[in-house]
Each structure stands twice: as structure tokens, then as C-alpha cells.
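Below are the chains, spelled out letter by letter.
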Amino acid sequence: MRDLRRDPDRLVLTLDNDIAEIAAALPHLEAFGEDAQLGPRLQNRFEVVFEELASNVIRHGFAQGSRQQVRICAAVDAETLTLTVEDDGLPFDPLARPAPAPLTDLASAPEGGLGIGLVARLASRLSYEAPQSGGDDSFRPVNRVTAVLSR
Amino acid sequence: MKIDHQNLDDVVRIALDGRLDTAGVGQIEMPFSAQVGVSAKPVIVDLSAVSFLASLAVRMFISTGRVLAARGGRMVLFAPTPEVAEIIEVMGLGEIIPVVADEAAALAQVRG
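Residues numbered from 1 in each chain as written. Chains lettered and ligands numbered in written order. Predicted model: local features only at pLDDT ≥ 70, side-chain atom pairs only at ≥ 80, totals over all residues. Heavy atoms only, no water.

1. Points about the overall build of chain A
Working step 1: The helix and strand tally for chain A stands at three helices and six strands.
Working step 2: The N-to-C order of helical and strand elements in chain A reads β-β-α-α-β-β-α-β-β.
Working step 3: Taking 151 residues into account, the globule formula puts the C-alpha radius of gyration at 15 Å, and chain A, at 15 Å, falls close to it.
Working step 4: Sorting the 151 residues of chain A into buried and exposed places 47% on the buried side.
Working step 5: Contacts in chain A between residues far apart in sequence, at least 24 positions, make up 60% of those at least 6 positions apart.
Working step 6: Taking the 15 positively charged and 23 negatively charged side chains of chain A as two groups, their mean positions are separated by 3 Å. (Helix = DSSP H or I, 4+ residues; strand = E, 2+ residues; numbered from the N terminus. Rg over C-alpha atoms; globule rule 2.2 N^0.38 Å. Buried < 20%, exposed > 50% of the residue type's maximum accessible area, 1.4 Å probe, protein only. Contact = heavy atoms within 4.5 Å. Lys, Arg positive; Asp, Glu negative; His and termini not counted. Charge placed at Lys NZ, Arg CZ, Asp CG, Glu CD.)

2. A look at the overall build of chain B
Working step 1: Within chain B, the secondary structure is distributed over four helices and five strands.
Working step 2: Counting from the amino terminus, helix and strand elements in chain B follow one another as β-β-α-β-α-β-α-β-α.
Working step 3: On C-alpha atoms alone, chain B measures out to a radius of gyration of 12 Å, which is about the 13 Å that the 2.2 N^0.38 rule sets for 112 residues.
Working step 4: Viewed in the frame of its principal axes, chain B has a C-alpha envelope of about 30 × 25 × 20 Å.
Working step 5: By residue count, 50% of the 112 residues in chain B fall in the buried class.
Working step 6: Taking all contacts inside chain B whose residues are at least 6 apart in sequence as the whole, residues at least 24 apart take part in 69%.
Working step 7: Roughly 4600 Å² of accessible area belongs to chain B as shown, and the carbon and sulfur atoms make up 52% of that amount.
Working step 8: One way to put it: in chain B the 9 positive side-chain charges average out to a point 7 Å from where the 13 negative ones average out. (Areas by Shrake-Rupley, 256 points an atom, 1.4 Å probe, with all protein chains shown as cover.)

3. Concerning the environment of Ala101 of chain A
Residues and elements named next belong to chain A.
Working step 1: The residue Ala101 is located in the loop between strand 4 (80-87) and helix 3 (114-122) in this model.
Working step 2: The class for Ala101 is exposed, based on a relative accessible area of 55%.
Working step 3: In sequence terms Ala101 and Ser150 are 49 residues apart; their C-alpha atoms lie 24 Å from each other.

4. With respect to the packing of helix 2 (residues 39-60) of chain A against helix 3 (residues 82-91) of chain B
Working step 1: Put simply, helix 2 of chain A and helix 3 of chain B touch, their axes get as near as 10 Å, and they point 55° apart. Accordingly, the angle class assigned to the pair helix 2 of chain A and helix 3 of chain B is oblique. When the axes of helix 2 of chain A and helix 3 of chain B are compared, the crossing they make is right-handed. In this structure, helix 2 of chain A uses Pro40, Arg41, Asn44, Arg45 and Val48 of chain A to contact helix 3 of chain B, whose residues at the interface are Glu83, Glu86 and Ile87 of chain B.
Working step 2: For the contact of helix 2 of chain A with helix 3 of chain B, the class distribution of residues is three nonpolar, one polar and four charged. (Axes fitted to C-alpha atoms, helices over the stretch in contact; angles between N-to-C directions. Parallel < 35°, antiparallel > 145°, perpendicular 65-115°, else oblique. Left-handed = near helix turned anticlockwise from the far one by under 90°. Nonpolar A, V, L, I, M, F, W, Y, C, P; charged D, E, K, R; others polar.)

5. Here we look at the pattern of salt bridges
Working step 1: Summed over all chains, the structure comprises 10 salt bridges over all chains.
Working step 2: As a salt-bridge pair, Arg19 of chain B and Glu47 of chain A come within 3.2 Å of each other at their nearest N and O atoms. In this pair, Arg19 of chain B is assigned in strand 2 (residues 12-20) and Glu47 of chain A in helix 2, connecting two distinct chains.
Working step 3: By relative accessible area, which is 6% here, Glu47 of chain A ends up buried.
Working step 4: Through salt bridges with shared partners, a single ionic network connects Arg41 and Arg45 of chain A together with Glu86 of chain B. (Salt bridge = Lys/Arg side-chain N within 4 Å of Asp/Glu carboxyl O.)

6. Considering the nonpolar core
Working step 1: Within the largest apolar cluster, 68 residues are counted, with the highest numbers of intra-cluster contacts made by Leu16, Leu20, Phe32 and Phe61 of chain B.
Working step 2: Per element, the largest residue contribution to this core is nine residues, and it comes from helix 2 of chain A.
Working step 3: If we ignore the near neighbours within four places in the chain, the residues touching Leu16 of chain B are Met1, Lys2, Ile3, Ile28, Phe32, Val45, Asp46, Leu47, Ala49, Val50 and Phe61 of chain B.
Working step 4: Among the nonpolar cores identified, the runner-up in size contains nine residues, and Phe78, Ala79, Ala106 and Val110 of chain B belong to it. (Core = buried A, V, L, I, M, F, W, Y, C linked by side-chain atoms within 4.5 Å.)

7. Structural notes on unusual backbone geometry
Working step 1: The phi dihedral of Gln37 of chain A falls on the positive side, at around 55°, and the residue is not glycine.
Working step 2: Tracing the backbone through its elements, the reader meets Gln37 of chain A in the loop between helix 1 (20-35) and helix 2.

8. Overview of the confidence of the model for chain B
Working step 1: Confidence in the prediction for chain B averages 94 pLDDT; 100% of positions are at 70 or higher.
Working step 2: The ipTM value of the predicted complex is 0.93, and its pTM value is 0.94. (pLDDT = per-residue confidence, 0-100.)

This is how it looks when you write it as C-alpha cells:
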């Protein structure tokens, strides 16, 4: 993993195709959140959305053993924290599936699709695009998910 | 991620400690499922030392709670931190598995 943090209001991390990278990224998310004075509630939402989006890509979005990557960008302003998760894996829109129905009964409660449903409820805005440009020589994004959290 | 199991007279008490993220759930899902799966008694789960909870943990509680319910048993979660409680509330887990403030309330739920 590389920390490409650029300024106090923006964090950029590139993770390898390895679920252990999620935990390795946490100190960077914590330091960024402290500098940005996010507070415990928003910091937790930030970490949950990061966990859900990044782990989903690493578990499902890459051919096993590939050298593909996930690039995370977090940016804050006075009103929002925006988390963008890009990957250069298989084209996939995680928002294309309908969100699971609300949990009403243990016997019929779904076990799949819960993660993206959680992100959709925490974010004030959530979007997917297949970028036609962006990245750099070492990373060309194929998928981009953007979640905006309100402060 | 740590898991501690206690056999009380009429209830099994399981305490979880750590982050229930992808890695944490991966570490404790099998022992947790096994401890719930063999229990003939209701199960109360202490979340007071769980510092983080994401959707894989909710999935674990749903699948193990369902196994217990199929045998006529009951699972109650208790003492979530404010951050964990928010995620539980946002996901609506409390609608299908009781989540209460403390151990006394959890015991009252399963014994009541």
C-alpha cells in the first residue's frame, strides 16, 4: 500500500489486491479523520463505508492473485466527506442490484447485498461510473464509486 | 478479535472483543457459529468491547440467530457502543434480533 496523502483535506491511498490491506489502511484513515476533526460518529461512518466498498472490490472484483489495485480518495470540506473508491478490476456496478428489503423477519432476512445497502443508507449521495479517463501510468480505473457523507 | 464463552444456569453468554470488520468476522465466525449452534439455551451476546461493526457481522448474527431460532432458542445482543448501535439501527438488525442496553435487560429478555 502507498500513502499518497497530498494535503490536510485530502487523502489518497492505493491498496493492493489483498484483504489485509483494509486493516493496513486504518491508521491512515484515523490520522486523516483526526486532522480533519471528523468526530467519532462521522469517523465511524467513514471507516464503515471504506470497509464495505474496499472489501467488496477485493473479495469480488479481481481475478485471484492479480496485481490489480484499489485507489481510495477521501476529501473533506465544511459540510461533507467524500469517499471515492476506484479499481482496475472487472467492470462491475455494485449499485445495479436492487437494495435488499428492510429486515422484518429473521426467518426470511437476506444475507447477501447487505453491505451496499448499508453504504446507501449512510451516504447522502452514492453513485457509480465507469470512468473514461483519470488515473495515471500505474493505475487506470475501470470502476468508480463515490459516497458523500454529511458532516 | 476475541471471543469468550460462559455457561450460566439457563443462558449462554458470549462476549466479543475487537473489530467486527471483514478480518475480524473471518476470525471468529466459525467459533461463534459453533458455540451458538450447539447451544440448547438462549444466547446473549456482549458487544461492549466491539469497537467496530460492519455488514459481514450483521450477516453472521442473522445466520446464527436463524439457526438458534429454528431450535426454539433466542439470541439477544446487548451493550453496543454508540457507533456500533448506529450501524445496527441503520441496518434494522434490532427489528429481527433484540438489541438492548445492558446484560440485565438481555437476561430479562430471554427469561421473560
